[in-house]
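# Structural features, examined
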Amino acid sequence: MRISAPGLAGLRGALAGTVIVPESAGYESARKPALARFHHIRPRAIVRCENADDVAETLAFARRWGVRAAPRSGGHCFAGRSSTEGIVIDVTPMHAVSVSGGMAAVGAGARLGDLYDALQQHDLTIPAGCGPTVGIAGLTLGGGLGLLGRKHGLTCDHLVAARVVLADGRVVDCDEHHHGELFWALRGAGGGHFGVVTSLVFSTLRAPAATRFHLTWPHSHAAAVIAAWQAWAPAAPDELNASLRVTAVGDADRPPVVHLFGAMLADQAEAVELIDQLVALAGAEPAWASHTHLPYRDLKRSLVGLGGDGEDAEPDWPGQVFSKSEFFRRPLPPEAITALLRHLPRGRGACQSRELNFTPLGGAYGRVPAAATAYVHRDERFLVEHVAVVDAEASTATRGAARQWVTQSRACVHPWASGRVYPNFPDPDLADWAQAYYGTNYERLVRAKRTYDPHNLFRFEQSL
Ligand SMILES: Cc1cc2nc3c(=O)[nH]c(=O)nc-3n(C[C@H](O)[C@H](O)[C@H](O)COP(=O)(O)OP(=O)(O)OC[C@H]3O[C@@H](n4cnc5c(N)ncnc54)[C@H](O)[C@@H]3O)c2cc1C
């Protein structure tokens, strides 16, 4: 049904927050999510909700007019699920953080950078990702991988309660003892499926001092470093979080570079000793290496863009990003690594940059039973992500070339993957997405969906 102007005026009158429509000043910036790939989507309205009642009013409005409503926190969804031609429920006005008794109550609109700053004032933190403008809500609801994850687990493993506005407008507080199935589902499958989360409560950790490291190798050593990394990083002591990234930038004949970067929750000498093990395993001396002991907040900031621009300078993602990823439980054989590296330069000419990202798992990520939360991926050893970036204004052909590069890169290693995919890196091309994202937890999630959203108000491609 086409929403009428009086209808929208009625919604406006019922809210503490604001309703932004195509005719409003500020519509262009309000409608766009962080990822340029979804900047073409034009919502009928963006509702900036100040509180849970605003969310309930907006959901009632969406039901009445039969339009889709998509919750948005940080707007970083790789599948564009927080954008819609219906109504965007923007929770960013709810971004307050308060700390008491080791717990942090966090508005669902908070971004990671602001949250870390607020927690740092109490010398506290939570395990979560590095991107400072990523929303804490979207990240937590799909799991939450980060620098402290091998030692302390997923972000959602530290969630102790959440307030949710359900499809029928009820506002519920859930935790282990209240609406337990909803609380279970939110920890790994919560993004957009069950309701709109307005606040989250986390148990916090003392912010550790740690050693930040960054090493690089020329492309000629890439195969040896990848082979060594996949045996070493997922099995290393929990204190170590060492990611590997192979980057190919620009269309000139610049050879790709291999980066090892991350943090060790120990002093510099211990970090160097451990990283030397990788160097020995790879049999390849790095071209460049730095190890710096830092307060945790400074360390986090320095890793954004590999320490390039600094956190405050992070712009919206500069180009259109195409990516695919999978989990692995066993190492890639030499022929798969060779195929992957041979394919890396192939997108030259079409893509601004191509990247292979290897994220270590194991440690505390795997010490929670697969059925304890909706996040099922507890036995995975590492994650490989294939990323191509093209210009924000790229032609259809160029976007097609990027998509093809990513698809073919994934195909090089897919036979050795576990078949599981991180729910926070959604891939609209997945055929068996239910198994890939949720595995053995899928049936229970479907039952929770029937309980909490029986009329399927929250629906999108690959929704439960
Ligand atoms: C630059 C960048 C860096 C990243 N770094 C990491 C990282 O270090 N670790 C990691 O684990 N992941 C990382 N990710 C992936 C990230 O976790 C997901 O993209 C996540 O979904 C982003 O959350 P968001 O709130 O920013 O996004 P949004 O697009 O706002 O939301 C993502 C999904 O959650 C839903 N949602 C949003 N808010 C709510 C709410 N309040 N209630 C219910 N559903 C809601 C949306 O509808 C959508 O389906 C990164 C992504 C990017 C683009």
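Residues numbered from 1 in each chain as written. Predicted model: local features only at pLDDT ≥ 70, side-chain atom pairs only at ≥ 80, totals over all residues. Heavy atoms only, no water.

Turning next to the overall build of the protein chain. Regarding its fold elements, the protein chain presents 14 helices and 18 strands. In terms of C-alpha radius of gyration, the protein chain reaches 22 Å, essentially the compact-globule figure of 23 Å for 464 residues. Reported as C-alpha extents along the three principal axes, the dimensions of the protein chain are approximately 70 × 55 × 40 Å. Out of the 464 residues belonging to the protein chain, those deemed buried represent 57%. Of the contacts formed within the protein chain by residues at least 6 apart in sequence, a portion of 74% connects residues at least 24 apart. (Helix = DSSP H or I, 4+ residues; strand = E, 2+ residues; numbered from the N terminus. Rg over C-alpha atoms; globule rule 2.2 N^0.38 Å. Buried < 20%, exposed > 50% of the residue type's maximum accessible area, 1.4 Å probe, protein only. Contact = heavy atoms within 4.5 Å.)

Our next topic: a negative patch on the surface. A cluster of like negative charges, contributed by Asp-267, Glu-270, Glu-273, Asp-276 and Glu-285, occupies part of the molecular surface. Inspection of the secondary structure assignment puts Asp-276 in helix α9 (residues 268-282). (Patch = residues over 30% accessible without salt bridge, like charges linked within 9 Å, V, L, I, M, F, W, Y side chains within 5 Å. Areas by Shrake-Rupley, 256 points an atom, 1.4 Å probe, with all protein chains shown as cover. Salt bridge = Lys/Arg side-chain N within 4 Å of Asp/Glu carboxyl O. Lys, Arg positive; Asp, Glu negative; His and termini not counted. Charge placed at Lys NZ, Arg CZ, Asp CG, Glu CD.)

The buried fraction of helix α10 (residues 296-303) amounts to 6 of the 8 residues, a majority that puts the element mostly inside the structure. Listing the buried residues of α10 in full gives Tyr-296, Arg-297, Leu-299, Lys-300, Ser-302 and Leu-303. Buried residues in α10 make contact with α4 (112-120), β7 (124-125), β12 (210-218), β14 (257-264) and β15 (288-294).

Here the focus is the packing of helix α11 (residues 334-343) against helix α12 (residues 396-413). Direction vectors running N to C along α11 and α12 enclose 165°, while the axes themselves pass 8 Å from each other. Between α11 and α12, the crossing angle belongs to the class labelled roughly antiparallel. At the point where α11 passes α12, the crossing takes the right-handed sense. Along its contact with α11, which presents Ala-336, Ala-339, Leu-340 and His-343, the element α12 presents Trp-405, Gln-408, Ser-409, Cys-412 and Val-413. (Axes fitted to C-alpha atoms, helices over the stretch in contact; angles between N-to-C directions. Parallel < 35°, antiparallel > 145°, perpendicular 65-115°, else oblique. Left-handed = near helix turned anticlockwise from the far one by under 90°.)

Another aspect to go through is the sheet that holds strand β2 (residues 45-48). Here we have 4 strands laid out as an open sheet, ordered β1-β2-β4-β3, and mixed in their pairing. The open sheet has two edge strands with one neighbour each: β1 (18-20) and β3 (69-72). Geometrically, the sheet is characterised by an average inter-axis angle of 20° between neighbouring strands, direction not taken into account. Relative to strand β4 (residues 87-90), helix α3 (residues 52-65) is tilted by about 170°, and along the sheet it contacts β2, β3 and β4. (Pairing = 2+ DSSP bridges.)

Before going further, it helps to spend a moment on empty space enclosed by the protein. Picture a little ball the size of a water molecule; that probe, rolled over the atoms, points out where space is still empty. Within this structure, the stated rule accounts for 1 cavity of 30 Å³ or more. Volume-wise, the largest cavity comes out at about 30 Å³. Every residue along the wall of the largest cavity is listed here: Tyr-116, Gln-120, Leu-124, Thr-125, Tyr-296, Arg-297 and Lys-300. Looking at the lining of the largest cavity, the elements with two or more residues in it are α4, β7 and α10. With 3 residues, α10 is the single largest residue contributor to the lining of the largest cavity. Its residues placed into classes, the lining of the largest cavity shows 3 nonpolar, 2 polar and 2 charged. (1 Å grid on protein atoms, 1.4 Å probe; cavity = no way out; pocket = protein on both sides within 12 Å on 5 of 7 lines; lining within 4 Å. Points joined across faces, edges and corners; volume = space filled by probe spheres on them. Nonpolar A, V, L, I, M, F, W, Y, C, P; charged D, E, K, R; others polar.)

Another point: the sheet that holds strand β16 (residues 320-328). What the 7 strands build is an open sheet, ordered β15-β12-β14-β13-β17-β18-β16; its pairing is antiparallel. The open sheet is flanked by β15 and β16, the only strands paired with a single partner. Shown here is a sheet whose adjacent strand axes are inclined to one another by a mean of 15°, direction ignored. Inspection of the sheet shows β12 paired to β15 by 7 bridges, in the antiparallel sense. Bridging from a neighbouring strand, Arg-212 pairs with Thr-292 of β15. Where helix α8 (residues 222-232) meets the sheet, its contacts fall on β12, β13 (240-249), β14, β17 (353-360) and β18 (382-390), and the angle it forms with β13 comes to roughly 155°.

Attention now moves to the layout of surface pockets. Here the second largest pocket defines a volume of roughly 270 Å³. In this structure, the second largest pocket is lined by 14 residues; those nearest its centre are Ala-36, Arg-37, His-40, Gln-320 and Arg-399. At the level of elements, β16 and α12 are the ones that each hand at least two residues to the lining of the second largest pocket. No other element matches α12, which puts 4 residues into the lining of the second largest pocket.

This brings us to the environment of Ala-434. With respect to the helices and strands, Ala-434 occurs in helix α13 (residues 433-438). Note on Ala-434: relative accessible area 12%, which makes it buried. Taking the C-alpha atoms as reference points, Ala-434 and Arg-420, separated by 14 residues in sequence, lie 9.5 Å from one another. The contact partners of Ala-434, leaving out residues within four places of it in the chain, are Gly-439 and Tyr-442.

Here the focus is the site of the ligand. Taken together, 31 residues are adjacent to the ligand, and Pro-71, Ser-73, Gly-75, Ser-82 and Tyr-422 come closest. A distance of 2.7 Å is found between a nitrogen atom of the ligand and a side-chain nitrogen or oxygen belonging to Ser-73. For the ligand, an oxygen atom lies 2.9 Å from a polar atom in the backbone of Gly-74. When the ligand sits alone it has 950 Å² of accessible area, and the protein chains cover 92% of it. Of all the secondary-structure elements, those providing two or more residues to the shell around the ligand are β3, α5 (136-142) and β10 (196-203). Among the elements that take part in the shell around the ligand, α5 stands out by supplying 4 residues, more than any other. Among the residues making up the shell around the ligand, the classes are represented as 16 nonpolar, 13 polar and 2 charged. (Near = heavy atom within 4 Å. Polar contact = N/O pair within 3.5 Å; in protein donor to acceptor, adjacent residues only side chain to side chain.)

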